[in-house]
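# Analysis of the macromolecular model
What follows is each chain in one-letter form.
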Amino acid sequence: MKHKRIILGLFALFLLITSMMYAYQNAESNDPQIKKYKQIFEHTETYNNTKISFTAEILAIDRINQTLRVFIQERPYTYPQVHINTANLTIGNLQKGDLIDVIAIVHAENKMTATNIWRNEPWKDNLIYLRSLPAIPFALYLFFRTWKFNNQTWRFERRKKNA
Amino acid sequence: MPDWLTHSLIGWITGKTTKQEISLLVIGALIPDITKLYLLFNPITQPMTQDFFLPIHTPFGAILIASIITLFFQDIKKAFIPLTIGIATHFILDFFLLNVSGGMPLLYPFSWAEWQIGLIRSDDYTMTILALLAAILVYAFYRIYEKRKIKEENNG
């Protein structure tokens, strides 16, 4: 069939866009993590000793009692503020307003005990993007060293020295 | 995600050691991170845009993109295999990550369940350093091997 590739390409593109639209419409209602948060905060009594992990913003630090009051920075951003006991962890480097990643055990309504806390440092996030930059010329160099695009046939062809 | 450099270096190492088409394997290793396009959009609407681009960071979406790319090559099969291996290396690497907000929906669109092992945080650059060292080692090994081969051919 003359237009087999075009039909296959359009079909793959249609499937991709359909799946993207499906995710756009349903991701929030089907996300297992969001479902878990909702269950835990709506029925805390049945989720005692359940492990939970989330990103949160520190609203207050009680260094005497080793507790943090945090706002959970997870969708749909409507969870109640929680108190996190950090008795077994070092929180000396944490400040009010810091973003933290937390793994904790739920104990009572809006009360948890943290097993791990990591401070999200913006420079480390920026470094990911900086580290990613060299990959673009690297991948393009490898690709165009081996292949060239033929405008007439609309195909990539192997360069002669790499044939 | 580990950074793109780690993904491309692991793709390069895999291509070199499995004798697959390296250039396509490296491209394949970067395909799932096309999902990061959502970062170009307005920060307020980013969660929704992130949902829209989510399928690209799943085997289903990444393989669909690979299929579209292969249509621009003469031999579809020869292009599809290295692209798919590259995609596989991407998901294997991402599988080791610790993301407190959840793992990867590897079976999307058939299931929303998410998976991750949770060994390394995405901002940890140990993985990049290890990948860089491994790539240097593999490069050095192949340089020495090829030089010896040429020497033997000339002597023989």
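Starting from 1, residues in each chain are numbered consecutively following that chain's sequence as written. Each chain is given a letter, starting from A, and each ligand a number, starting from 1, according to the order in which they appear as written. Whole-chain, interface and lining totals are the exception, using all residues; otherwise, since this is a predicted model, local features are given only for residues with pLDDT of at least 70 and side-chain atom pairs are given and counted only at 80 or more. Side-chain metrics rest on all non-hydrogen atoms present in the structure, leaving aside hydrogens and water.

## Overview of the pairing of strand 4 (residues 99-108) of chain A
All names here are of chain A.
- Looking at chain direction, strand 1 (residues 51-62) and strand 4 are connected through 7 bridges and run antiparallel. Among the inter-strand pairings, Phe-54 is bridged to a residue of strand 4, identified as Val-102.
- We treat two strands as partners when DSSP finds at least two bridges between them. Secondary structure follows DSSP: runs of H or I at least 4 residues long count as helices, runs of E at least 2 residues long count as strands, and numbering of each begins at the N terminus. Taking the residues between adjacent antiparallel strands as the criterion, strand 4 and strand 5 (residues 111-119) are bridged by 2 residues, where Asn-110 takes a positive phi near 60°.

## Points about the side chain of B:Asp123
- Within the secondary structure, B:Asp123 is located in the loop between strand 2 (120-121) and helix 6 (126-155).
- Should any heavy atoms of two residues lie within 4.5 Å, those residues are considered in contact. Apart from residues no more than four positions distant in its own chain, B:Asp123 is found in contact with A:Lys124, A:Asp125, A:Ile128 and A:Arg131.

## Notes on helix 3 (residues 46-53) of chain B
- Three labels apply to residues, based on accessible area from a 1.4 Å probe with only protein chains included: buried if under 20% of the type maximum, exposed if over 50%, partly exposed otherwise in between. For helix 3 of chain B, every residue scored as buried is listed here: B:Gln46, B:Pro47, B:Thr49, B:Asp51 and B:Phe53.
- On the buried face of helix 3 of chain B, the contacting elements are helix 1 (4-30) of chain A.

## Examining the sheet that holds strand 3 (residues 82-85) of chain A
All names here are of chain A.
- With respect to topology, 5 strands assemble into a closed barrel ordered 1-2-3-5-4, the strand pairing being mixed. Neighbour-to-neighbour, the strand axes of this sheet turn through a mean angle of 55°, independent of strand direction.
- Summarising the sheet, strand 1 and strand 2 (residues 67-72) pair through 6 bridges and their orientation is antiparallel. Each bridged residue has a counterpart across the sheet, and for Ile-61 the counterpart in strand 2 is Leu-68.
- Each axis is a line fitted through C-alpha atoms, taken for helices only over the stretch in contact, and angles between the N-to-C directions span 0 to 180 degrees. Where helix 2 (residues 32-42) meets the sheet, it contacts strand 1, strand 2, strand 3, strand 4 and strand 5, and its direction lies at approximately 60° from that of strand 1.

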